[in-house]
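Below, each chain spelled out in residue letters.
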Amino acid sequence: MAATLFHSTNGQSPAVNLRVALMAGQAPDRGLYFPEQFPTLAPAEIAAFAQLPYSEIAFRVLAKYTEGILSADALAAMCREAYNFDLPLERVYDRVHVMRLDQGPTASFKDFAARMMARLLGRFLHEDGKQLTILTATSGDTGAAVAHAFHNVPGIRVIVLFPLNEVSVSQRKLMTTLRGNVRTVAIDGKFDDCQAMVKQAFADPTLQCIPLSSANSINIGRLLPQSIYYFYAASRLAQPGEPIVFSVPSGNFGDMMGAVVARQMGLPIRKLVTSVNDNDAFPRFLATGHYEKVVPSRNSVSNAMNVGHPSNLARLVMVYGGRMDETGRIHQLPDLAAMRRDLFSSSISDERTRVTIREVWTKYQLLLEPHGAVAWRGFQDWQAQEALNGLPAVILETANPAKFPEEIEKNMGWSPDVPPAMAAAIQQPEDFDRMGAVYEKFRTYLLQHHTAT
Ligand SMILES: *Cc1c(COP(=O)(O)O)cnc(C)c1O
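Residue positions are given per chain, counting from 1 as you read along its sequence in written order. Local features in this predicted model are restricted to residues whose pLDDT is 70 or higher, and side-chain atom pairs enter the listing and the counts only when it is 80 or higher, whereas totals over whole chains, interfaces and linings include all residues. To get the side-chain values, take all heavy atoms of the structure and skip hydrogens and water.

**Student:** Now, about the packing of aromatic side chains: what can you tell me, with residues and values included?
**Tutor:** The criterion for an aromatic pair is that two Phe, Tyr or Trp rings (for Trp, the six-membered ring) have centres within 6.5 Å, with stacked assigned to planes under 30 degrees apart, edge-to-face to planes over 60 apart and tilted to the rest. The tally for this structure, following the rule as stated, stands at 19 aromatic pairs. Aromatic pair Trp-361 and Trp-414: ring centres 5.1 Å apart, planes at 65 degrees, arrangement edge-to-face. In this pair, Trp-361 sits in helix α15 (residues 350-364) while Trp-414 sits in the loop between α17 (405-412) and α18 (420-427), placing the two residues 53 residues apart along the sequence. Accessibility expressed as a relative area gives 27% for Trp-361, which makes it partly exposed. Every member of this aromatic cluster is reached through a ring pair, and the members are Tyr-54, Tyr-83, Phe-85, Phe-112, Tyr-229, Tyr-230, Tyr-232 and Phe-246. The secondary structure listing takes helices from DSSP runs of H or I that are at least 4 residues long and strands from runs of E that are at least 2 residues long, numbered from the N terminus. Relative accessible area decides the class of each residue, using a 1.4 Å probe on protein chains only: under 20% of the type maximum gives buried, over 50% gives exposed, and in between gives partly exposed.

**Student:** How would you summarise the sheet that holds strand β9 (residues 244-249) if you had to cite specific residues and measurements?
**Tutor:** By definition, two strands form a pair when at least two bridges between them are found by DSSP. Across the sheet, which stays open at both edges, the six strands sit in the order β3-β4-β14-β9-β10-β13 with mixed pairing between neighbours. Among the strands making up the open sheet, the edge pair consists of β3 (89-93) and β13 (343-344). By the bridge criterion, five bridges tie strand β4 (residues 96-100) to strand β14 (residues 393-397) in an arrangement that is parallel. Looking across to β14, one finds that Met-99 is bridged to Leu-396. The strands touched by helix α16 (residues 370-383) are β3, β4, β9, β10 (269-275), β13 and β14; relative to β14, the strand with the most contacts, the crossing angle is about 155 degrees. Note on definitions: a residue-residue contact is assigned when non-hydrogen atoms from the two residues lie within 4.5 Å. Only the contacting stretch of a helix is used when fitting its axis, a line to C-alpha atoms as for every element, and angles between N-to-C directions run 0 to 180 degrees.

**Student:** Just give me the short version of the side chain of Asp-204, but keep the residues and values in it.
**Tutor:** Along the chain, Asp-204 turns up in the loop between α8 (191-203) and β8 (212-214). Here a polar contact is taken to be a pair of N or O atoms separated by no more than 3.5 Å, where protein atoms must pair a possible hydrogen donor with a possible acceptor and residues adjacent in sequence count only if both atoms sit in side chains. A distance of 2.7 Å separates the side chain of Asp-204 from the side chain of Thr-206, its partner in a polar contact.

**Student:** Residues and numbers for the nonpolar core, please.
**Tutor:** Soluble globular proteins tend to bury their nonpolar side chains together. Here the nonpolar core consists of buried residues drawn from Ala, Val, Leu, Ile, Met, Phe, Trp, Tyr and Cys, with membership extended through side-chain atoms lying within 4.5 Å. If you look at the biggest cluster of nonpolar residues, it comprises 113 residues, and the most contacted ones within it are Leu-121, Phe-150, Tyr-229, Phe-231, Phe-246 and Leu-316. Ranked by residues supplied to this core, first place goes to helix α5 (residues 110-128) with nine residues. With residues near it in sequence (within four places) discarded, Leu-121 still touches Leu-22, Met-23, Leu-132, Ile-134, Phe-150 and Ile-156. Listed in part, the 23 residues of the second largest apolar core include Val-92, Ala-373, Leu-388 and Leu-391.

**Student:** Can you explain the pairing of β3? Please cite residues and give values.
**Tutor:** Inspection of the sheet shows β3 paired to β4 by four bridges, in the antiparallel sense. Paired with Arg-91 across the two strands is His-97, which belongs to β4. Connecting the antiparallel pair β3 and β4 is a turn made up of two residues, with Asp-94 showing a positive phi of about 40 degrees.

Have a look at this one:
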């Protein structure tokens, strides 16, 4: 089998293998890497997943991309190390389940991708004798997952930018207490400002002296591992070949693109419900075919989804035959009818998010945090239009409620239990830098920091 090639969504850079795409983060033409042709799993290969542990499913999915760049033994070891925690699937009613992706070290689904990517990248760098600075912008959870995953990986320095007033105290402490090769910078601005500063640094010729990469979901190394839990859930809940429904709370659309990858590889997905908070650029686009970014992005209780222009839409549009550049301009319209057949999206206000947290608790004694509540409500919105007809469905709970104690307390009158790993991290002293949302300041910081080490 030939190695899978990754093309740029902007169509101006040469196609590359996983190793090159992972090291680069973004394509030279500012597009995002994505396969034009996906490797597929035969129905029998997918059916076999029912008997396998998570780490082995991870190995069989990822092996389709690492042919010729990583030995099977090395990949298998990485999968075992990265996925050493639980992934509960809780039945709520009928065949409707909640998948709790919050059992990793930073209690969000981002651990799944970050832990795999850190291992892959660490190994490739070591083989090449290279060093790399990972720049990442976070709206709350990416920074913590990336910082933990890359902490103490030789040859890697991590710089995390986060919007000072848009992350919860627990989210912040999970990034600012690590030190070592991890630096965190609080930006007086919004997540969009952080993301714009990171993107500008990548495109800045005066920073060519510093090898930079991204651990945001623009990096294909983040995206591919996010397809695995869709295979896993289906292997546990669906009959061989039976379609399944997923509902994913979406911000930058990296998580939902994991489901799209799984579908391209052969997993039958009946509907992918991808709901957003007040940042409603995507549901409006799906309804009207007209794309307009939300500028500035809107704050909401599901703060990890405060994204006015989801970067991964460029990839989604490519899957449906269209082209969107990094600014959100559509050069070629995707097949909207096909998108509407496969996807459903609604925008869930903070008010509906809060009502949902209370309702789901009262009805099922199931505690959701704001992101999971958006997914739950979006699924119910879809259910109001289309029948599930007995198929299995999975609503993704992407963070632990203990990351949002203030919000849970306000709605429920009590605070959720804090997982032990999180409790330990939160005790440590914090250390972070602070700057205005001005790119030149950030460039100076990067250069100074670079010479200092
Ligand atoms: C990042 C995040 C999301 C959104 O995921 P995207 O891949 O950006 O769409 C949802 N929930 C939580 C808890 C997150 O941390």
